[in-house]
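Residues per chain, in single letters:
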Amino acid sequence: MCPLPPCWPCCCLLLLFSLGSQGALGTPRATPEQVHLSYPGEPGTMTVTWTTWVPTRSEVQFGLQLSGPLPLRTQGTSSLFVDGGILKRKFYIHRVTLRRLLPGVQYVYRCGSAQGWSRRFCFRTLKNGPHWSPHLAVFGDLGADNPKALPRLRRDIQQGMYNAVLHVGDFAYNMDEDNGRVGDKFMRLIEPVAASLPYMTCPGNHEERYNFSNYKARFSMPGNTEGLWYSWDLGPAHIISFSTEVYFFLHYGYHLVERQFRWLENDLQKANQNRAIRPWIITMGHRPMYCSNADLDDCTRHESKVRKGLFGRLYGLEDLFYRYGVDLQLWAHEHSYERLWPIYNYQVFNGSQAMPYTNPRAPVHIITGSAGCEERLTPFAIFPRPWSAVRVKEYGYTRLHILNGTHVHIQQVSDDQDGKIVDDIWMVRPLLNRTTYL
C-alpha cells in the first residue's frame, strides 16, 4: 500500500472544494440540467429556468414541431449562485422568458448554448382570460428521498391532465443539505414534471437556511419579491402565494411580516374589485391555520401565529382572509391530507347541512402535505375536531379543477391505494353571491 503524502489532508480538502464547485468529478458541465418552467403572470409568456456549472449564454430555441429545426430563439440572463455551505459550491442559474406565445398551444423547446443543449421538452401554454377550466396538481412536502407521489404525478402529467402544479412549500429535505447537492438531486428529480408545465411554488420551513437562498435562486416566480409572495390569474381564479415563514424566522426581519401583510391586503382589495371577471380567490401558504394532527406544530395551537399573528394580535391572516372573502386556502406542512368545513374563528359556517360547500359562509381549508418525504406521514389526534371534515393518513396529492366562475372540484388521490380518489367535493358559489363574508 502506498504511503499517504504528508500533505494528504490538504489535498483531500482541495478535492472536496473542486467537487463542490463542479457538482461531480471531471470537467465542469456546460450542459443544462434541472430544467423547469414557471408562469410569469403575463398572458402569452413562460419562463424557462435551468442550471449549468460553468458560465454560458442563456438561450431557448422553440417551435411547434416535435422534430426538425426549432425556428424561434430567445435570449435570457444567468446569475452566479454560491451555496451557503462550507464548500461554497458555485453554479449558474439561467432564466429565459418566452413571450408572444399563442394561447393553449403546445410548444417544443430546448435550452442552453453552443457549449451544450438540453434534450427537447414540450409544454402547452396557458389559455388567456377567465373563460376556461384549469386543472391543477396541488401538494407540499415532497422530498428527494421517499417521493411517493412523484411517479403517479409524472404519469398524470404525461397524459396531459394538468395545466400547472402548485407546490405548497418544503422541497427536497433540504435543498441546502450536502452543500446544495440535495437541492440538485431534487431539481433533477422533478424535471420530467417541472419542465412540462408551470411549477408554481411558495416557501416552507425546510427552505429557511441562508435566508431561503436556495429557494430564491432555484425558482422563478412572478413579481419582485424573490418568490416569497406573489399572485397571478388563472382562468376564473386569482391565486395568491405567500410565506408563512416570515412569522417564524424573525431573525431575517420583523419588517417582512408587515411588508407581506400590507401587500396581501392591497392584492386582496384589487382581487375583490375584479370579482366579476375572476370570482374565485385562492391562497397557498405552507403552515396551516388549523389542523388536527398529533404534534406540536403551530396549527395545533389555539392562537396560532399564522391565524392570529405575532403576539396573538399583529398581522394575523385569518381575519384578513375572512374580511376579503377568500374562497379556498391551500396548505401543507402536515404530512397528511385534511379537509375542513368552512371555518372562521373555530366556528363552522357551512352553506347548509345538506350542502356544506354550496355558498359557504367562510373559507374552505385543504391541507395537502402527503406527497412523500423522508419524515414519513404525520399521525392525527385520536379524536377529530368538530371543524375537521375528512382526514387521510396516506401518501397522495390533490387535484383542483376550477371548472368555471361558480364551481370548483377538489379530489384527493391516494398513492397508497393505487390512485384511488379518497376525497371528492364540489365548492359552489353563485355569481350573484360574490361578496365578502362580512
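Every value quoted in this text rests on a predicted model; they were computed, and no experiment measured them.

Novice: Which residues make up the sheet that holds strand 20 (residues 328–331), and what values do they have?
Specialist: Within the open sheet, the seven strands sit side by side as 15-16-17-20-24-21-25. Their pairing is mixed. Single-partner strands in this sheet number two, and they are strand 15 (230–234) and strand 25 (388–392). Adjacent strand axes in the sheet meet at a mean angle of 15 degrees when their direction is disregarded. Here strand 17 (residues 280–284) pairs with strand 20 via three bridges, running parallel. Bridging from a neighbouring strand, Thr-283 pairs with Gln-329 of strand 20. Along the sheet, helix 5 (residues 255–273) contacts strand 15, strand 16 (237–241) and strand 17; its crossing angle with strand 16, the most-contacted strand, is approximately 175 degrees.

Novice: Explain the state of the cysteines to me, and be specific about the residues and the numbers.
Specialist: Two cysteines, two sulfur atoms, one covalent bond between them: this is a disulfide. As enumerated under the stated definition, the model contains one disulfide in all. Shown here is the disulfide that connects Cys-291 with Cys-299, its sulfur atoms set 2.1 Å apart. The disulfide joining Cys-291 to Cys-299 has a torsion of about 75 degrees about its S-S bond and is therefore right-handed. Each member of the pair, Cys-291 as well as Cys-299, is classed as buried. In this model Cys-111 remains outside any disulfide bridge; the closest cysteine sulfur is found in Cys-122, 13 Å from its own. Residue classification places Cys-111 among the buried residues on the basis of a relative accessible area of 0%.

The rules behind the values
Within each chain, residues carry numbers counting from 1 in the order of the written sequence. Since the coordinates come from a predicted model, pLDDT governs what is reported: local features require at least 70, and pairs of side-chain atoms require 80 or more to be given and counted, while whole-chain, interface and lining totals use all residues. Note that the side-chain values use all heavy atoms of the structure and ignore hydrogens as well as water. In short, DSSP must find at least two bridges between two strands for them to pair. Strands here are runs of E lasting at least two residues and helices are runs of H or I lasting at least four, both read from the DSSP assignment and numbered beginning at the N terminus. Axes, fitted as lines to C-alpha atoms, cover a helix only where it is in contact. Angles between the N-to-C directions of the axes lie from 0 to 180 degrees. Whether two residues are in contact is decided by their heavy atoms, any of which lying within 4.5 Å being enough. The definition used for a disulfide is geometric: two cysteine sulfur atoms within 2.5 Å. With a 1.4 Å probe rolled over the protein chains alone, any residue whose accessible area is under 20% of its type maximum counts as buried; one over 50% counts as exposed, and the rest are partly exposed.

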